[in-house]
Amino acid sequence: MDDITALILDDHAAFRRGFARLDDARDPAEMLAIWEALALHLDIHAEAEEAILYPHLVKHGDDGEDETADAIGDHNKIRDAVAESKRHEVGSDAWWAAVGTARKENSEHLAEEEDEALPDFRRHASVELRAELGARWLTFYGEHKNGRNLRFRDKDPEAYVRDHR
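These numbers were taken from a predicted model, which means no experiment stands behind them.

**Q** Requested: an account of the side chain of Glu67, with residues and values cited.
**A** With respect to the secondary-structure elements, Glu67 resides in helix 3 (residues 64–85). Buried and without a salt bridge, Glu67 has Arg123 as its closest oppositely charged side chain, separated by 5.7 Å. Each residue touching Glu67, except ones within four places of it in the same chain, is listed here: Tyr54, Leu57, Glu116, Ala117 and Asp120.

See below:
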């Protein structure tokens, strides 16, 4: 059985590797190939967390409401930076600036999630719930391959918390 927190950490490791690959890319075609896959994965991951993890954390964590609102805000910043990158020529200074913003926001989000939200969730979620949500996570990725039927748009953090309390 796959624990949702382990699956999330797997994605986090993939993000770190993706940004490292981007550091090593030497031409725009390679940069585009790496960034398109990474940016899509960032967007799908945020949607998956918002659909599966955070509705449970907001109700059951010691600081679930604050952690959830913070995470939704982080996801918005990452989505916005990904969208901004698409407005610029790959490899240009403006493109690198947008990618750099996505990386910075993502790195901060991963650290907060790994140090605060995920431990809080583990303390309050049963092994059975974590496995059930892990199965839902895998199904979500299968149902939304390449972002199919997902709308990558910002959400109001306070409204999200209010709607999922």
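**Q** Quick rundown of the packing of helix 2 (residues 28–60) against helix 5 (residues 127–143)? Include the residues and the values.
**A** Two elements in contact, helix 2 and helix 5, have axes separated by 10 Å at closest approach and are oriented at 150°. For the crossing formed where helix 2 meets helix 5, the hand is right-handed. Between helix 2 and helix 5, the residues in contact are His41, Ile44, His45, Glu47, Ala48, Glu49, Ala51, Ile52 and His56 and Leu129, Leu133, Arg136, Trp137, Phe140 and Tyr141, respectively.

**Q** Any details on the nonpolar core? Residues and values, ideally.
**A** Among the nonpolar cores identified, the biggest contains 21 residues, and Ile4, Leu53, Tyr54, Phe121 and Trp137 are the most heavily contacted of them. Among the secondary structure elements, those contributing two or more residues to this core are helix 1 (4–24), helix 2, helix 3, helix 4 (93–124) and helix 5. Considering each element in turn, this core owes the most residues, 6 residues, to helix 2. Residues in contact with Leu53, not counting those within four places in the same chain, are Ile4, Ile8, Ala48, Leu118 and Phe121. Counting residues in hydrophobic clusters, the runner-up holds 18 residues, among them Phe19, Ala25, Ile34 and Val99.

Cut-offs applied
Residues numbered from 1 in each chain as written. Predicted model: local features only at pLDDT ≥ 70, side-chain atom pairs only at ≥ 80, totals over all residues. Heavy atoms only, no water. Helix = DSSP H or I, 4+ residues; strand = E, 2+ residues; numbered from the N terminus. Buried < 20%, exposed > 50% of the residue type's maximum accessible area, 1.4 Å probe, protein only. Lys, Arg positive; Asp, Glu negative; His and termini not counted. Salt bridge = Lys/Arg side-chain N within 4 Å of Asp/Glu carboxyl O. Contact = heavy atoms within 4.5 Å. Axes fitted to C-alpha atoms, helices over the stretch in contact; angles between N-to-C directions. Left-handed = near helix turned anticlockwise from the far one by under 90°. Core = buried A, V, L, I, M, F, W, Y, C linked by side-chain atoms within 4.5 Å.

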